[in-house]
Amino acid sequence: GGDMQLGHIVWLIGGSLIHATARDWARFGEFLRLGGAVKGAQLVPRAWIEFMNGPNPRFGGYGAQIWLNRPTEGRAEPFPGAPRSAFAVASGSCQ
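Scoring rules and cut-offs
- Residues numbered from 1 in each chain as written.
- Predicted model: local features only at pLDDT ≥ 70, side-chain atom pairs only at ≥ 80, totals over all residues.
- Heavy atoms only, no water.
- Phe/Tyr/Trp six-rings, centres within 6.5 Å; stacked < 30°, edge-to-face > 60°.
- Helix = DSSP H or I, 4+ residues; strand = E, 2+ residues; numbered from the N terminus.
- Buried < 20%, exposed > 50% of the residue type's maximum accessible area, 1.4 Å probe, protein only.
- Salt bridge = Lys/Arg side-chain N within 4 Å of Asp/Glu carboxyl O.

Chemist: For this particular structure, what's the right way to read the packing of aromatic side chains?
Modeler: What describes a pair of aromatic rings is the distance from one ring centre to the other and the angle between the planes of the rings. With the rule as written, the count across this model stands at 5 aromatic pairs. Look at Phe28 and Phe31: their rings are 6.5 Å apart centre to centre, the planes differ by 25°, and that puts the pair in the stacked class. Remark: Phe31 and Phe28 occur in helix 1 (residues 22-33); sequence separation between them is 3 residues, near one turn of the helix. Look at Phe31 and you get buried, because its relative accessible area is 17%. Here the aromatic cluster, defined as three or more aromatic residues joined through ring pairs, consists of Trp25, Phe28 and Phe31.

This is how it looks when you write it as structure tokens:
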């Protein structure tokens, strides 16, 4: 599970923040790796998952809310030795 984060005046902070366990994140990663399907049921359109995994035109190392394993602007791939299809869901705090 996860908790919603509330501002100090008690309103929902609507950014890209989710509190979850390592097991929840692993499940989410597997869900994305499998193209948005669980046990054969397509829960998120495959086209959306493909969009997420496509490089941002302004910064090729980032998709839609995920980091991609692609070299960018003179930098090597962020996950050396991993396949180019590897991705990461990480915050600005590297969590």
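Chemist: Looking at this structure, how should I read the pattern of salt bridges?
Modeler: In a structure, side chains of opposite charge can pair up when their charged atoms sit close to one another. Enumeration over the complete set of coordinates arrives at 2 salt bridges. The salt bridge involving Asp24 is made with Arg27; its shortest N-O contact spans 3.6 Å. Of the two residues, Asp24 and Arg27 are both situated in helix 1; the distance of 3 residues between them amounts to about one turn of the helix. Across the pair Arg33 and Glu30 runs a salt bridge whose closest N-O atoms are separated by 2.8 Å. Linking Arg33 with Glu30, this pair stays in helix 1, spanning 3 residues, or about one helical turn. The exposed category is assigned to Arg33, whose relative accessible area is 54%.

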